[in-house]
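In case you want the letters, here they are:
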Amino acid sequence: MKGLVLVFSLAATTLCAQEVPRFTFSAGGGFTQPVGATANRLDTGWNIQGTGGVNFNRWASAVVQADYNRMDLNGATLSNIGVPGGNIGVFSATLNPVI
């Protein structure tokens, strides 16, 4: 019986020792595929994303997320409007609570 209590005590101590890092971050990127009506006017582009935040405890944190997408106008659209080049860039930033 004492051995069983010792095993459970060690297991509980190990579980309580799990630490949550104070800060969190991530980054990513990839390609942006236009869809719908924009697919006829834009070429495939690229995107990047970065996040950073604070873990308040094991269950709650706040994260700031920033994204940027860029796509070039295709040749047919450029000739229709009579310009030599063009692109579209979209930047967004959000504050996300995480539970």
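Everything numeric here is computed off the predicted structure, so don't read it as measured data.

Caption draft 1: Up close: the overall build of the protein. For the protein, the helix and strand inventory stands at two helices and four strands. Ordered by position in the sequence, the α and β elements of the protein form the string α-β-β-β-α-β. For the protein, the residues scored as buried account for 16% of the 99 residues in total. Partitioning the intrachain contacts of the protein with sequence separation of at least 6 by distance along the chain shows that 50% fall at a separation of at least 24. If you sum the accessible surface of the protein, you get close to 7,400 Å²; carbon and sulfur atoms cover 65% of it.

Caption draft 2: Quick look at the packing of aromatic side chains. Tallied over the full model, the rule gives one aromatic pair. Seen from their ring centres, Trp 46 and Tyr 68 are 5.6 Å apart, and the 55 degrees between their planes marks the pair as tilted. With Trp 46 in strand S2 (residues 45–55) and Tyr 68 in strand S3 (residues 61–72), this residue pair connects regions lying 22 residues apart in the sequence. Classification of Tyr 68 as partly exposed rests on a relative accessible area of 26%.

Caption draft 3: Main features of the pattern of salt bridges. Summed over the entire model, instances satisfying the criterion amount to one salt bridge. Ionic pairing is found between Arg 70 and Asp 72, a salt bridge with its closest N-O pair at 3.7 Å. On the basis of relative accessibility, which here comes to 36%, the residue Asp 72 falls in the partly exposed class.

Caption draft 4: A look at the environment of Asp 72. By secondary structure assignment, the location of Asp 72 is in strand S3. The residues touching Asp 72, leaving out its near neighbours within four places in the chain, are Arg 41, Leu 42, Asp 43, Gly 86 and Asn 87.

Caption draft 5: Structural detail: the sheet that holds S2. As summarised here, the arrangement of the four strands in space is S1-S2-S3-S4, forming an open sheet in which the pairing is antiparallel. The strands lining the two open edges of the sheet, one partner per strand, are strand S1 (23–32) and strand S4 (87–98). Across the sheet, the axes of successive neighbouring strands diverge by a mean angle of 10 degrees, strand direction being ignored. Sheet topology note: the S3/S4 ladder contains 12 bridges and is antiparallel. Its bridge partner being in S4, Arg 70 is matched across the sheet by Gly 89.

Caption draft 6: A look at the environment of Ala 62. Positionally, Ala 62 belongs in strand S3. Considering only alpha carbons, one finds Ala 62 and Thr 24, 38 residues apart in sequence, at a separation of 9.3 Å. Those residues in contact with Ala 62 that lie beyond four places of it in its chain are Gly 52, Gly 53, Val 54, Phe 56, Leu 95 and Asn 96.

Caption draft 7: Focus on the pairing of S3. With 10 bridges joining them, S2 and S3 adopt antiparallel strand pairing. Bridging from a neighbouring strand, Thr 51 pairs with Gln 65 of S3. If you look at the hairpin formed by S2 and S3, you'll find five residues sitting between the two strands.

Caption draft 8: Representation of the pairing of S2 in the model. In terms of strand pairing, S1 meets S2 through 10 bridges, oriented antiparallel. Directly across from Gly 29, in S2, lies its bridge partner Ile 48.

Parameters at a glance
- All residue numbers refer to position in the chain's written sequence, counted from 1.
- This being a predicted model, a pLDDT of at least 70 is required before a residue's local features are given, and a value of 80 or more before pairs of side-chain atoms are given or counted; all residues contribute to the totals for chains, interfaces and linings.
- Side-chain figures throughout are based on the complete set of non-hydrogen atoms in the structure, without hydrogens or water.
- The helix and strand labels rest on DSSP assignments: H or I over at least four residues marks a helix, E over at least two residues marks a strand, and numbering proceeds from the N terminus.
- The classification of residues rests on relative accessible area computed with a 1.4 Å probe and restricted to protein chains. Under 20% of the type maximum is buried, over 50% is exposed, and intermediate values are partly exposed.
- Working rule for contacts: check all heavy atoms of both residues, and any pair within 4.5 Å makes them a contact.
- Every accessible area reported is derived by Shrake-Rupley at a probe size of 1.4 Å, with residue values counting cover from the shown protein chains alone.
- Two rings from Phe, Tyr or Trp (for Trp, the six-membered ring) form a pair when their centres are within 6.5 Å of each other. A pair whose planes differ by under 30 degrees is stacked, one over 60 is edge-to-face, and the rest are tilted.
- Whenever Lys or Arg places a side-chain nitrogen within 4 Å of a carboxyl oxygen from Asp or Glu, that contact is recorded as a salt bridge.
- For two strands to count as paired, DSSP must find a minimum of two bridges between them.
- Lines are fitted to the C-alpha atoms to define the axes, a helix being fitted only along its stretch in contact, and any angle between axes, read from their N-to-C directions, falls within 0 to 180 degrees.

Distances and angles like these do not, on their own, reveal function.
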